[in-house]
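# Coordinates in review
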Amino acid sequence: MEIVRHILLVIHLLGFAALFGGLLVQIKAPDKVANGLMRDGSGTAFLAGLLLVGVLEMGDGPVDHAKVGVKLVIGLVILGLVMSQLRKPKIADGLYWTIFGLTIINVCVAVFWSSAHVAA
């Protein structure tokens, strides 16, 4: 089961990388769009994260449900915002920066929440 967890974690990280890459490639563009990288990355990260939690629940170790809930909500908001903008010719700068910020916050929750939990 450990190998499945590692594979899902890699897929989850690749999804994040695609989402973040889709945001970064247009950071200086005057007109920003919800591109395919953002769509595929947010969907992949979200789905792989759900599957990862399922695998963790089947294991013997504890699962931090509060952290999972926060990451789930943020990921769902990111996915919803990206999907709602796919067919639009451009997205507002404020919305772009909201998606960008939520993506960074979601990573920070993953990194710092688990670090604080392990140290405690």
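Refer to the structure printed above.
First, a word on scope: everything that follows refers to the structure included in this document. As the structure is a prediction and not an experimental result, all values here were calculated from the model.

Cut-offs used in this document
- Residues numbered from 1 in each chain as written.
- Predicted model: local features only at pLDDT ≥ 70, side-chain atom pairs only at ≥ 80, totals over all residues.
- Heavy atoms only, no water.
- Helix = DSSP H or I, 4+ residues; strand = E, 2+ residues; numbered from the N terminus.
- Rg over C-alpha atoms; globule rule 2.2 N^0.38 Å.
- Buried < 20%, exposed > 50% of the residue type's maximum accessible area, 1.4 Å probe, protein only.
- Contact = heavy atoms within 4.5 Å.
- Areas by Shrake-Rupley, 256 points an atom, 1.4 Å probe, with all protein chains shown as cover.
- Expected span 1.5 Å × (residues − 1).
- Arc of directions from axis to C-beta.
- Phe/Tyr/Trp six-rings, centres within 6.5 Å; stacked < 30°, edge-to-face > 60°.
- Lys NZ or Arg CZ within 6 Å of the ring centre and 35° of its normal.
- Salt bridge = Lys/Arg side-chain N within 4 Å of Asp/Glu carboxyl O.

Time to look at the overall build of the chain. Within the chain, the secondary structure is distributed over four helices and zero strands. When its helices and strands are written in sequence order, the chain yields α-α-α-α. For 120 residues, the compact-globule estimate of 2.2 N^0.38 gives 14 Å, and the chain sits close to it at 15 Å. By its C-alpha atoms, the chain is 50 × 25 × 20 Å across when sized along the principal axes. Counting only residues that meet the buried cut, the chain has 32% of its 120 residues in that class. The contacts of the chain with a sequence gap of at least 6 include a subset with a gap of at least 24, amounting to 74%. Taken as a whole, the chain presents about 7,100 Å² of accessible surface, with 73% of it coming from carbon and sulfur.

Time to look at helix α3 (residues 65-84). Across its 20 residues, α3 extends 28 Å between first and last C-alpha, which sits within 8% of the 28 Å expected from 1.5 Å per residue. Every buried residue belonging to α3 is among Lys67, Lys71, Ile74, Gly75, Ile78, Leu79 and Val82, and all of these are buried. Looking straight down α3, one finds its buried side chains confined to an arc of 135°; they lie on one side. Counted as exposed and oriented over 90 degrees from the buried face of α3: His65 and Val73.

Our focus in this paragraph is the packing of aromatic side chains. Counted under the stated rule, the structure contains five aromatic pairs. On the basis of an interplanar angle of 35° and a centroid distance of 6.2 Å, the ring pair of tyrosine 96 and phenylalanine 100 is categorised as tilted. Of this pair, tyrosine 96 and phenylalanine 100 are both found in helix α4 (residues 93-119), four residues apart, which corresponds to roughly one turn of the helix. No difference in accessibility class separates tyrosine 96 from phenylalanine 100, as the two residues are buried. Through a chain of ring-to-ring contacts, three or more aromatic side chains come together here, namely Phe16, Phe20, Tyr96, Trp97 and Phe100. The lysine or arginine in question, lysine 32, covers the ring of tyrosine 96, its NZ or CZ lying 5.1 Å from the ring centre.

As a further point, take the pattern of salt bridges. Scanning the entire structure with this criterion turns up four salt bridges. With a shortest N-O distance of 2.6 Å, arginine 5 and glutamate 2 are connected by a salt bridge. Here the residue arginine 5 and the residue glutamate 2 both occupy positions in helix α1 (residues 2-24), the gap between them amounting to three residues, near one helical turn. Given a relative accessible area of 24%, arginine 5 falls into the partly exposed group. Judged by relative accessible area, glutamate 2 falls into the partly exposed class, the value being 45%. The partner of lysine 32 in a salt bridge is aspartate 93, with the nearest N and O atoms 3.9 Å apart. With lysine 32 in the loop between α1 and α2 (36-58) and aspartate 93 in helix α4, this residue pair connects regions lying 61 residues apart in the sequence.

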